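Each chain, letter by letter, is given below.
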Amino acid sequence: MLRERRLPPPDIFPPEPWALGGVHFDPALSRDFAGQAETMFALSNGYLGIRGTPDEGRPLQEPGVFLNGFYELRPLNYGEHAYGFPRVGQSILNCPDGTVIKLFIDGEPFIPAEAEVLSFRRAVDFRIGALVRDIAWATPTGRRMRLRTLRLVSFEHRHLAAIQYELVPEDADAEIVISSEMLHRAPLPGDGFDPRLAAGFGDRVLQPVGTRHKALRAILSYSTARSALVLGCGMDHVLETTCPFTQEGTCTDDFAAVAFKVQGRRGMPIRLWKYLAYHYADRSDPAEVRSQVAWTLDRAVQSGFPSILKQQEARVGRFWAHADVEVEGAEPRLQQVIRWNLFQLLQATERAEGHGVGARGLTGKSYEGHYFWDTEIYVLPFLIYTQPRIARNLLKFRYDMLDRARARAKELGHRGATFPWRTINGDEASAYYAAGTAQYHINADIAHALRKYVEATGDEDFLHRFGAEILVETARFWWDLGFFSPRHEGRFCINGVTGPDEYTAVVDNNYFTNLMARENLYYAADTLDAMRCDHPDAFTALADRTGLGVEETAEWRAAAARMYLPWDERLRIHPQDDSFLDKEAWDFANTPEDRYPLLLHYHPLNLYRRQVIKQADTVLAMFLLGDQFSPEERKRNFDYYDPITTHDSSLSVCIQSIVANEIGYARKAREYFQFAATMDLSDIGGNMRHGAHIASIGGTWLALVCGFAGMRDHGGRLSFRPRLPEEWSALRFPLAIRGRRLRVEVGHDVTTYHLVEGDELTVLHDGVVEVRLTTTAPTASRPTPPPVPEPIPDFAPAAPPARS
Ligand code: BGC
């Protein structure tokens, strides 16, 4: 099922390969699409995120400056409470905005929407990692002005953002005032009913705890009442011009400004550098946090903007060297879209150290800045194969939550640990248990990601020091949650769970969950047995830490070996759960287009009692654990589930694309891929203004690498089964694997593997042919398998009319 896609028109948004932005200024567009532009032009380094609001501070839709993990607690109020419901929610907070630079010429404010704009460009430049703007206009008194700005959020210094603001009165002198501000805004009204958005706070959240103000510098600080965090944020300036000027500053609890009054001279540039610093700390002395802000500003002023920009380019350059995916022969827009997606992955993760990755990264506060399974299943694969160090940090972050996950399991009456479905601080923050706590599969998802990381990097040290403990506690949890059911011939059943598909909740034996839990149990037992033999000291330390019983690994193996995996002999498919096939079909033919996403128009019970799917569930299992399915099972499952999947979650189409490719549905694979890749830029869900869909963005990389190049890594063995779309001429990408660097190039005739760094590596081509790469013979080409005729689906679609 595909919704309508509208990409921005090429005359307004040219399809540049290394930038995305507009070259035409339209006041109505700038107002109506302010929210989308704020997301499209958002900058972030994984710690500090700034929405792409204009420097002038208007128009604004959802302005935001976010710090990863900077949140406040709020009571979760239930009409009817029950045992084990989380009582406290967590919400990421909007910090004071330091990006505002207002401009006044001859006493009149410069407001682009009201100005006579002569030329315009505003774009995020992927190569320098910055938002650039170049605008020329005529003032009402006929003077021609030109403003060039460059905004960046530093990847090198994660607390720092910097703006270069360069104004030239091109053809006449002018009286100019540049007012640079930092302000704490009152929250804007919400968006009506949408459960995916952040809940608001009734009263003021950031309490002022002091300011510091001197010359061109101002620092504000705040504390939060319940999460007990202290925030410091500040700005400093350097002005460079040969025009005469004076300056003055003001600073109150919620507002600081430095105004430069410049006697602008024709043709003489006025260059302002503005540095922004943001720090927060737990239960700290506000004066100390303000000092940290001051030190960051000192460092920035000392090194100067050109050197900060140079470092930015160098870091972004390193990212592209390890992560760029090139598609040749396709319409030029596609390359641009792919790079925008990859750039979002860089922005969401690069400096997240000690924190997770929110469902919208730091581009918006939808989903309250919470971390979900999105990270492990959709984002980590990209990181594991391009930036393994960051993948490690994110897994370590999960490890750091383990104590809270143990406490949560205990609270729910279980052994082991169960990770929160959504969280910032490690505690469960989902108020709706049916689509929250019940998604226990998150535990197996984390274990799965851990396994992928260890197999792809060989980082056994991480496994022994941290990962194995996660495995012990999650395996214990599954063992405790399930039971050997006499009604299922003594098979191990796991009841009362919700799988990835949130339109089917609290069911018995969700196929995805059981299969993933089985992997979790086996992996835990195998890891511990291997540690016992090969690393006895690490094993003993782990056994002491976790109070491991002698019989436990055998129990886990028994549960895994007898895991119940639903199978329907009549349809020859894996039912999504025990009851799924008994449910009534959803009436797609009579569901109007405007009722999607269904979750906004139907009571959950209406969805739960029907065969209607929000997102890939069994199909996702076929991707993650694909070696456990026969080709026939794979095809019949896909044919059954695909037509009844609405893709109302952005996490769906990327996975459908990969599995469609594997089965040979080339056209569908391409359509789903386009859908995933342009999820945000064509605003398919209509909610891009609330932030970028980071899981779908990670899924876009998966769809390219695992879909069109057919990469799989079952058991740590890299294999490829390339299927290049007809209209592309080549697909190229790098991969990091066990300390080596590999480049893969898929063409229609040959696929080439090139070992760029490291010694020997063997990969499987077309799933079966061994290709050995060595330092002396680092490059090998093999014929790309020819396209196969599209198979005929096994089930007639009971489906909705296809939406193009
Ligand atoms: C999806 C979840 C996902 C969450 C955050 C929901 O709509 O159903 O699978 O984790 O969004 O992205």
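Computed from a predicted structure; not experimentally measured.

Student: So what exactly am I meant to see when it comes to the UniProt feature "domain: Glycoside hydrolase family 65 central catalytic" (unreviewed entry) in the chain here?
Tutor: The UniProt record annotates "domain: Glycoside hydrolase family 65 central catalytic" (unreviewed entry) at residues 339–701. Across residues 339–701, helical content stands at 51% and strand content at 3%; the span's end C-alpha atoms are separated by 10 Å.

Student: Looking at this model, I keep getting lost on unusual backbone geometry. Mind explaining?
Tutor: Most peptide bonds adopt trans geometry, and most residues besides glycine take a negative phi value. At the junction of Arg58 and Pro59, the peptide bond is cis and its omega measures out at 0° in the coordinates. Along the chain, the position of Pro59 falls in the loop between β3 (48–50) and β4 (65–67). For Glu368, which is not a glycine, the phi torsion comes out positive at approximately 60°. Of note, Glu368 is situated in the loop between α5 (332–349) and α6 (374–386).

Student: Would you explain the site of the ligand in this entry?
Tutor: As a matter of local geometry, the ligand sits amid Ala359, Tyr367, Phe372, Trp373, Asp374, Trp421, Glu502, Lys614, Gln615, Ser649 and Leu651. Side-chain polar atom of Tyr367 to an oxygen atom of the ligand: 3.0 Å apart, as the coordinates give it. In the model, an oxygen atom of the ligand is placed 2.9 Å from a nitrogen or oxygen of the Lys614 side chain. Here the ligand, which alone exposes 310 Å², has 96% of that area covered by the protein. Its residues placed into classes, the shell around the ligand shows six nonpolar, two polar and three charged.

Student: Quick question: what am I supposed to make of the sheet that holds strand β20 (residues 326–328) here?
Tutor: Within a sheet, adjacent strands bond to each other through the backbone by hydrogen bonds, running parallel or antiparallel. Taken in spatial order, the five strands make up an open sheet running β20-β26-β27-β28-β31, and their pairing is antiparallel. The two strands at the open ends of the sheet, each matched to only one other strand, are β20 and β31 (779–783). On average, each strand axis in the sheet is inclined to that of its neighbour by 20°, with strand direction left out of account. Where β20 meets strand β26 (residues 730–737), three bridges bridge the pair, whose relative direction is antiparallel. Looking at the pairing, Val327 lines up with Leu731 of β26. In the packing of α6 onto the sheet, the strands contacted are β26 and β27 (740–747), and the crossing angle to β26 comes to about 75°.

Student: Sorry if this is basic, but what is going on with helix α18 (residues 666–677) here?
Tutor: Each α-helix winds once per 3.6 residues, and so residues spaced three or four apart point in a common direction. Over its 12 residues, α18 runs 16 Å from end to end, which matches the ideal 16 Å to within 8%, given 1.5 Å per residue. Burial in α18 covers these residues: Ala669, Tyr672, Phe673, Gln674, Phe675, Ala676 and Ala677. Tucked into the core, α18 has its buried residues touching α5, α17 (653–663) and α19 (694–708).

Student: When you look at the sheet that holds strand β17 (residues 245–251) in this model, what are you seeing that I'm missing?
Tutor: In space, the five strands of this open sheet follow the order β8-β7-β13-β18-β17, with antiparallel pairing throughout. The strands lining the two open edges of the sheet, one partner per strand, are β8 (108–109) and β17. Where β17 and strand β18 (residues 255–264) come together, seven bridges link them in antiparallel fashion. Within the sheet, the bridge partner assigned to Gly249 lies in β18 and is Val258.

Cut-offs and rules
- Residues numbered from 1 in each chain as written.
- Predicted model: local features only at pLDDT ≥ 70, side-chain atom pairs only at ≥ 80, totals over all residues.
- Heavy atoms only, no water.
- UniProt positions renumbered as here; feature names shortened; annotations may be inferred.
- Helix = DSSP H or I, 4+ residues; strand = E, 2+ residues; numbered from the N terminus.
- Near = heavy atom within 4 Å.
- Polar contact = N/O pair within 3.5 Å; in protein donor to acceptor, adjacent residues only side chain to side chain.
- Areas by Shrake-Rupley, 256 points an atom, 1.4 Å probe, with all protein chains shown as cover.
- Nonpolar A, V, L, I, M, F, W, Y, C, P; charged D, E, K, R; others polar.
- Pairing = 2+ DSSP bridges.
- Axes fitted to C-alpha atoms, helices over the stretch in contact; angles between N-to-C directions.
- Contact = heavy atoms within 4.5 Å.
- Expected span 1.5 Å × (residues − 1).
- Buried < 20%, exposed > 50% of the residue type's maximum accessible area, 1.4 Å probe, protein only.

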